[in-house]
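# Fold and contact review
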Amino acid sequence: MNVVHGYTLLLVFLLGTSIIFGPPRLAPDAWLVELIAVVPAGALFLLFVGLAAAGNGGNLFDMLDKAWGRTIGRMWTLCYIVYFLYIASRNVRDMIELVMTSILRATPPSVLIFMFVLVIAYAASGGIAATGRLSVLIAALVGFFFFALALLLVFSGSVDTERLLPFLSEGLAKVLVVPLKSSIWFPYGELVVFLVFCSSFGTARTFRRTGWLAMISACLLLTFSDLLQTSVLGMENIVFSIFPLLDAARMISIFNFITRLDALVALLIILGVLVKCAVFVHAATIGASRTFGRHRRFAFSSALLVGAFSILVTHNNAEHFEEGLKYVIYWLHIPAQLVIPAATLMLLRIRYRKGEREHEPRRLHDRLEPNRTRRGRADA
Amino acid sequence: MTFGDTDDLALVSLRFCGKEGLLCYFTTLTSASFMMNYVIQPLAQASDDLAGEDATALLKEVRERCLSGLSSELSDQLHVLPMKLGRGYAALFAEGARDCLLVDVKELVTRSVEEPTSQNVIRGPKEGFTESAATNMSLIRRRIVTDKLRFERYEIGEKTRTEVYLAYIEEEADEEVLRQVREQVRSCRMVSLFDSGSLESLFRPRGYWLFPTVYNSERPDSVCSCLLDKRIAVIVGGSPFVLIVPAIFRDFFQSPEDHYQWFLVGLFARLLRYVAFLLSLVVPSLYVAITSYHQELIPTILLTSIAAQREGIPFPAVIEILLMEAAFEILREAGTRMPRLVGQAISIAGALVLGEAAVQAGIVSNINVIVVALTVISSYVAPVYTFGSNIRIFRYGLILLASFTGLYGVILGCAVLMIHLSRMETFGVPYMSPLSRMLGGKTP
């Protein structure tokens, strides 16, 4: 995977769902929240980079094994697999909710989800390099349609920058606190999944550079998106909107000829969620085939799990968003994105200081390798 | 002799240099005047002082003095004889000699170099490849004057023994790709090979059949520019279509003419082809999706006009589209296979009966005819015919998806196509490299 593929993959991953939802409306001036969030998120990413450097070319699961030993490491691996699949299924649910409200109101969601899940399995089984190339195509499409939406909004006269006022009506403190509660965990913190693929990004240094670059560009795009949504809908209305970009797009009307561009918004989220889910499912399959020790493809079965749980995970839309904004952040995001990585990094630093290399537990990978060569020779 | 008493085997006994000789060749692979002028006459005129006591030495002398202009060889292995005679050699036996002299006397009637029929340009060279591999190689050799141009000869086909040449520019072409191509060609087992199209499946990556990964051209200028672009050409005797590997997505949207015009015109034409490709893929499915699921996306005035047109039509949009597409497919197939003289009849039947009459009879709507016509026309914009033909199958899949799940299905179908494209690799080169090429990816 070359640098550009890596960059667009990260960018599409970050924009995937958040370009539709924007930051939660915990404070006015959401765009400022979005702009500020990149600073702590960048720091969090530094933790991932540190882990990637300490992992010495291994993936996340190798690091966990190395740091915690085989048994506990495996337990954490399983936890991460479940976490990845859960996030993927939440993303599918997000997408389906939007599709159901915008373009297909009567089709049973299970049919739509089944179709989507097949596509995810196909994308995930292609490997990370193919996903990287895919993301270039999708980035081009998403970028094109997003800017088309913005232009059409401007031309239809719906943009009024006065709606951005009053500025900082509840003080600076609130704006500074909110990112810590939400934005850095979603979408930026979800970059933790790329620890599974960090060796594909090259060295830890290129990983850091690509990551930061993608985060800054994503941050700018999201800020622009927020500014656009707020200046179209106004601060009062946007609080009640579940899909602000969709509601903004519905304001488009050019000479009563180009109207109702819901389909474009649906296209944005379908393609974005596709890339996100492909990455998550691919990461989970790597973990699964490692834990269960079989060189089998888990892509299809994991994707089916994602689909099933996207239906089972919550009863209705309101519960889904409530869970996403409150419980998932405290019970899943913070442990999986901050606590475990930080603890793992600390353990790695303590256990593998200079000169203590001989204690290094043999990695699962090394143990499997001789077997494979022996079998290969027998075949020959 | 293994040939039995086939009528075209000539056994001419003649006397040269004081010895009895027998000349044996196929009259169907050479011409009488060629034999007379270049073989029999020099032999007959050969002075008797060549005559030595050793017949083998005599044959050697004859070869060097009388027939030095023709490619020839001395051989004492009788089992190669049938193969050599079949390739257009004449065998000369002399009394008392163990060896025989094999002389290449092949002279075949070939089509002269004409304008290519399937890849036309308005501006640019009008020469096209022919069925003769030798002519084709000459057309390449005269364009690229370099000592690095190589032709490698292979034979494929148990019965046909078709000659296959790999053409490449040494030190330019990728060694790894070259190795793989050689391996594929060597390991190829076929009974017969009549056209390069049968070879294409050799170079296709497993599981990816939707898009062609081999470029074929009957234009020497296009093949030469590909050779200079570090690729490998495969010339098959008997086929005017030369294959080029590895080929990527971008290649199928380029016509050599793009480079012979002002660059903006070429750029515009290329962009137009991409757009036409997209149109041919999604227009019918978008029509089905929008008219049956998302009427709100159509501006109201247009919507009422479409609804008025469709008022008397008994079918849902998807049946209507499929009917019309099937009619066009049949028309297209008939158009390519029929004798040229009845071409007028087909176009009248197609244009009048299928277009006008079907609308007036209330079977299909006007807008439907427009949609299908647009699709069909845009699917022929791709400069390489095979590219458009495979993708047709996918178009029907998209139409069905659109009829079940509307725009959602169309978007997912396009996503599958994008995933497919980004997963594809030919000879280690990603199929979608046009996007990554300028960005430091591996170039073909």
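Keep in mind it's a predicted model, so treat the numbers as computed, not measured.

Criteria and cut-off values
- Residues numbered from 1 in each chain as written.
- Chains lettered and ligands numbered in written order.
- Predicted model: local features only at pLDDT ≥ 70, side-chain atom pairs only at ≥ 80, totals over all residues.
- Helix = DSSP H or I, 4+ residues; strand = E, 2+ residues; numbered from the N terminus.
- Rg over C-alpha atoms; globule rule 2.2 N^0.38 Å.
- Buried ≥ 20, exposed ≤ 12 C-beta atoms within 10 Å, placed from the backbone.
- Pairing = 2+ DSSP bridges.
- Axes fitted to C-alpha atoms, helices over the stretch in contact; angles between N-to-C directions.
- Contact = placed C-beta atoms within 7 Å.
- Domains from an automatic or database assignment.
- Nonpolar A, V, L, I, M, F, W, Y, C, P; charged D, E, K, R; others polar.
- Core = buried A, V, L, I, M, F, W, Y, C linked by C-beta atoms within 7 Å.

This paragraph deals with the overall build of chain A. When helices and strands are counted, chain A shows 15 helices and two strands. Here the C-alpha radius of gyration of chain A, 22 Å, is about what a compact globule of 380 residues would show, namely 21 Å. Projected onto its principal axes, the C-alpha coordinates of chain A cover approximately 75 × 45 × 40 Å. Within the span of chain A, comprising 380 residues, buried residues form 50% of the whole.

Residue and element names in this part refer to chain B. Judged by pairing direction, the sheet is antiparallel, and its five strands sit side by side in the order β6-β7-β9-β10-β8 without closing on themselves. For this open sheet the edge positions go to β6 (149–156) and β8 (215–217), each flanked by a neighbour on one side alone. Here the strands of the sheet are splayed against their neighbours by 25° on average, with no regard to which way each runs. Pairing of β8 with strand β10 (residues 242–245) involves three bridges; the strand directions are antiparallel. If you follow N216 over to β10, its bridge partner there is L243. Of the strands in this sheet, β7 (162–169), β8, β9 (232–236) and β10 are in contact with helix α6 (residues 220–228), which crosses β7 at around 55°.

When the parts of a complex come together, some accessible area is lost, and that lost area is often taken as the interface size. Residue and element names in this part refer to chain B. Taken domain by domain, chain B holds domain 1 (9–104), domain 2 (133–247) and domain 3 (264–433). Of note, the centres of domain 2 and domain 3, computed from C-alpha atoms alone, are 33 Å apart. Residue-level contacts link 14 residues of domain 2 with 14 residues of domain 3. No other element matches the three residues that helix α5 (residues 175–186) contributes to the side of domain 2 that touches domain 3. When the residues that make up the side of domain 2 that touches domain 3 are grouped by side-chain class, the tally is ten nonpolar, three polar and one charged.

Before going further, it helps to examine the pairing of strand β2 (residues 19–26) of chain B. Residue and element names in this part refer to chain B. Taken together, the eight bridges between strand β1 (residues 9–16) and β2 define a ladder with antiparallel strand orientation. Residue L14 lies in a different strand from β2, and its bridge partner there is G21. Relative to strand β4 (residues 89–94), β2 runs antiparallel, the two sharing four bridges. Considered in β4, the bridge of G21 is made with A94.

In terms of nonpolar packing, the biggest core is built from 212 residues, with F84, I120, L274, F280 and V281 of chain A together with A233 and V234 of chain B touching the most fellow members. Per-element tally for this core: the top contributor is helix α11 (residues 262–291) of chain A, with 21 residues. Residue assignment places this core across two domains, with domain 2 (133–247) and domain 3 (264–433) of chain B each supplying three or more. If near-sequence neighbours (up to four positions away) are discounted, I120 of chain A is found in contact with L274, C277, A278, V281, A303 and V306 of chain A. Membership of the second largest hydrophobic core comes to 21 residues, among which are C17, M35, L67 and L85 of chain B.

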